[in-house]
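Understanding the architecture of this molecule
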Amino acid sequence: MEVPCVRVRPQEGETTRSALAARDLVDDDHEITVADGWLYVPVDDGEAAEREGYTVVAHDVPPRRGQVMPADILGEEPSYERLGDIAILDIEDAEAARAVADAIVESDLPIDSVVNRASKVKGELRVRDWDVLVGDTRTVHREYGFEYALDLASVYFSPRLATERHRVAEQVESGERAFDMFAGVGPFVIPFAARGATCVGADLNEAAVEFLRENAERNGVADRVTAVAGDVREVATEYEGWADRLVMNLPHSADAFLDTAVTLAGDDCTLHYYDIQHDEDPFGPGERAIRDAAEPEYTVRVETRRLVRSYAPHEENVCLDVRLTR
Ligand SMILES: C[S@@+](CC[C@H](N)C(=O)[O-])C[C@H]1O[C@@H](n2cnc3c(N)ncnc32)[C@H](O)[C@@H]1O
């Protein structure tokens, strides 16, 4: 069907579409179309677009199919998290979970798999059990421009920490040496390496370390990332006094690894220490444990006390950014 369209070269397409959208001129009922080296952006008011200085022509463009969302099928908005092309549910009732899974895959969302939480994260590897309702547990997740291949059945990964990881990555400077003591599939190490840091990521979980290597390749930073499988207490003996920056994302038990952190720390080292504590004093226990492990060899200065997210009623997931100098 012929409708008025703004005609531009494809490379100007997104700028033009945004500018027209800002003036509320885009016709959302028809598809943007490319033909003969031109891009045609359908507009509601051709004359108004011409007054804005655009070239407007009548062009044959197909009608746009409305996006069907899970809520359109279920009659209410279901709660789920996205991890790559997986939808993660946390629904106890198996029938309700099945209905949500069916609606998600029937919708127009680009989701191929749906999994439901079947346990808490558990054990040293922090992996949980899943009921796989559709598809499988492998995916490639995108976070702040990086790609992470992973398999939820064999490794830990939480998309909820994306903003926090980005906050830390932004502090990293080219040339520094960063050690992630509990690296998982690499969501700290890879952005650090992309900023020019030389990185070591250790993890007890061999599957996670395999993904970390794959992800370093995938993101073009393999030359600056060393991935080591094993208990960080043993790995650390090879890296005494090495680190300018340490990441300890093993809340609940990181305090048991603070002696190892001190072994790894260089003369001036920033430590990002994650903890889960009662909201009455979320930072105190971590700070005291760090001082016990590092003083008097190091001067300890807490630079940031940050609430990352609420973990459970009255329990906070927090981060202490701490400078250790000697
Ligand atoms: C909470 S996950 C964090 C993973 C990653 N940093 C992230 O943010 O996605 C903790 C990780 O520590 C690893 N881990 C547990 N105990 C360890 C140890 N003694 N030495 C090395 N890694 C360990 C687990 O296998 C798990 O991958």
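Residues numbered from 1 in each chain as written. Predicted model: local features only at pLDDT ≥ 70, side-chain atom pairs only at ≥ 80, totals over all residues.

Per an unreviewed UniProt entry, the recorded name for the protein is Class I SAM-dependent methyltransferase, and the organism is Halomarina rubra.

1. Comments concerning the overall build of the protein
Rules: Numbering of helices and strands starts at the N terminus; helices are DSSP runs of H or I of at least 4 residues and strands are runs of E of at least 2. Each radius of gyration is computed over the set of C-alpha atoms, and the globule rule expresses the reference value as 2.2 Å times the number of residues to the power 0.38. The burial criterion counts other C-beta atoms lying within 10 Å of a residue's C-beta, which is placed from the backbone; the residue is buried at 20 or more, exposed at 12 or fewer, and partly exposed between these limits. Any residue pair is listed as a contact if its two C-beta atoms, each placed from the backbone, are within 7 Å.
Broken down by element type, the protein carries ten helices and 17 strands. For the protein, whose C-alpha radius of gyration is 25 Å, the value lies well above the compact-globule estimate of 20 Å for 326 residues. When its C-alpha atoms are laid out on the principal axes, the protein stretches across 75 × 50 × 40 Å. Taken over 326 residues, the protein has a buried fraction of 37%. In the protein, the share of contacts with a sequence separation of at least 24, taken over all contacts with a separation of at least 6, comes to 59%.

2. Some words on the sheet that holds strand S15 (residues 265-278)
Sheet strands associate in pairs through backbone hydrogen bonding, adopting either a parallel or an antiparallel arrangement. Here is the rule: In this scheme, strands are said to pair when DSSP sees at least two bridges between them. Orientation is described by lines fitted to C-alpha atoms, with helices fitted over the stretch in contact, and by angles between N-to-C directions that extend from 0 to 180 degrees.
One open sheet accounts for seven strands, arranged S13-S12-S11-S14-S15-S17-S16; its pairing is mixed. Here the strands that pair on one side only, and so sit at the sheet edges, are strand S13 (225-229) and strand S16 (299-312). Adjacent strand axes in the sheet meet at a mean angle of 15°, parallel and antiparallel pairs treated alike. As defined by bridge partners, S16 adjoins strand S17 (residues 315-325) across eleven bridges and the pair is classed as antiparallel. Following the sheet pairing, arginine 301 is matched in S17 by arginine 323. Against the sheet, helix H7 (residues 206-218) makes contact with strand S12 (198-203) and S13, and its axis sits at roughly 165° relative to S13, the strand it touches most.

3. Points about the site of the ligand
The test is simple: Being near a molecule or strand means, for a residue, that its C-beta atom, positioned from the backbone, comes within 6 Å of it. By the convention adopted, Pro, Cys, Tyr, Trp, Phe, Met, Ile, Leu, Val and Ala count as nonpolar, Lys, Arg, Asp and Glu as charged, and the other residues, Gly among them, as polar. Domain segmentation is taken from an automatic or database assignment of domains.
As a structural note, the neighbourhood of the ligand is formed by 20 residues, with Phe182, Gly184, Leu204, Asn205 and Val232 the closest of them. Here the residues of the shell around the ligand sort into 13 nonpolar, three polar and four charged. Formed jointly, the shell around the ligand draws a minimum of three residues from each of two domains, domain 2 (70-136) and domain 3 (156-325).

4. A word on the confidence of the model for the protein
As a reminder, the rule being used: Confidence scores per residue from the predictor, reported as pLDDT, run from 0 to 100.
Confidence in the prediction of the protein, expressed as mean pLDDT, is 94, and 100% of residues score 70 or more. Interface confidence for the predicted complex, given as ipTM, is 0.99, next to a pTM of 0.81.

5. Observations regarding the nonpolar core
Quick reminder of the rule: The term nonpolar core means buried Ala, Val, Leu, Ile, Met, Phe, Trp, Tyr and Cys residues held together as one set by C-beta atoms within 7 Å.
Counting residues in each nonpolar core, the largest one holds 75 residues, and the members touching the most others are Met181, Leu246 and Met248. In this view, methionine 248 contacts Met181, Phe182, Ala254, Phe257, Ala261, Leu271, His272, Tyr273 and Tyr274; residues no more than four positions away in its chain are not counted. Membership of the second largest hydrophobic core comes to twelve residues, among which are Cys5, Leu25, Tyr40 and Val61.

6. Examining helix H4 (residues 94-106)
Put simply, the test is: One less than the residue count of a helix, multiplied by 1.5 Å, gives the span that helix is expected to have. The directions from the helix axis to the C-beta atoms form the arc being described.
For H4, built from 13 residues, the straight-helix expectation of 18 Å at 1.5 Å per residue is met to within 8% by its first-to-last C-alpha distance of 18 Å. Listed in full, the buried residues belonging to H4 are Ala97, Val100, Ala101, Ala103 and Ile104. Mapping the buried residues of H4 onto a view down its axis gives an arc of 165°, with all of them on the same face. Seen from the open side of H4, the exposed residues pointing more than 90 degrees away from its buried face are Ala94 and Glu95.

7. Re the sheet that holds strand S2 (residues 33-35)
Pairing is antiparallel across the open sheet formed by four strands, whose spatial order is S2-S3-S1-S4. Two strands lie at the open edges of the sheet, namely S2 and strand S4 (56-60), each paired on one side alone. Neighbour-to-neighbour, the strand axes of this sheet turn through a mean angle of 45°, independent of strand direction. Judged from the five bridges that link them, strand S1 (residues 2-8) and S4 form a sheet pairing that is antiparallel. Bridging across to S4, proline 4 finds its partner in alanine 58.

8. Notes on the pairing of strand S10 (residues 146-151)
Taking every second residue as pointing to the same face, the buried face of S10 carries Phe146, Tyr148 and Leu150, while none of Glu147, Ala149 and Asp151 on the other face is buried. Bridging between strand S9 (residues 138-143) and S10 involves six bridges; their strand directions are antiparallel. The residue bridging arginine 142 from the neighbouring strand is glutamate 147, located in S10. The loop that links S9 with its antiparallel partner S10 comprises two residues; one of these, tyrosine 144, has a positive phi angle of about 45°.

9. Brief notes about the UniProt feature "domain: SAM-dependent methyltransferase TRM5/TYW2-type" (unreviewed entry) in the protein
As a reminder of what qualifies: UniProt positions are given in the numbering used here, feature names are shortened, and annotations may be inferred rather than shown by experiment.
Under the present numbering, the feature "domain: SAM-dependent methyltransferase TRM5/TYW2-type" (unreviewed entry) in UniProt falls on residues 80-326. Structurally, residues 80-326 is divided into 25% helix and 36% strand, and its ends, taken at the C-alpha atoms, are 47 Å apart.

10. Re the pairing of strand S7 (residues 113-117)
Quick note on the threshold: Crossovers are described as right-handed under a simple rule: with the strands pointing away from the observer, the path leading from the first strand over the helix to the second runs clockwise.
Counted residue by residue, S7 has four buried out of five residues, so it is predominantly covered. Here strand S6 (residues 86-89) pairs with S7 via four bridges, running parallel. Directly across from isoleucine 86, in S7, lies its bridge partner serine 113. Once the chain exits S6 it traverses H4 before rejoining the sheet at S7, and the crossover so formed is right-handed. Taken together, the four bridges between S7 and strand S8 (residues 130-134) define a ladder with antiparallel strand orientation. Bridged to valine 114 within S8 is valine 134.

11. Things to note about the domain arrangement of the protein
Here the domain parsing of the protein yields domain 1 (2-60), domain 2 (70-136) and domain 3 (156-325). Here domain 1 and domain 2 have C-alpha centroids that lie 38 Å from each other.

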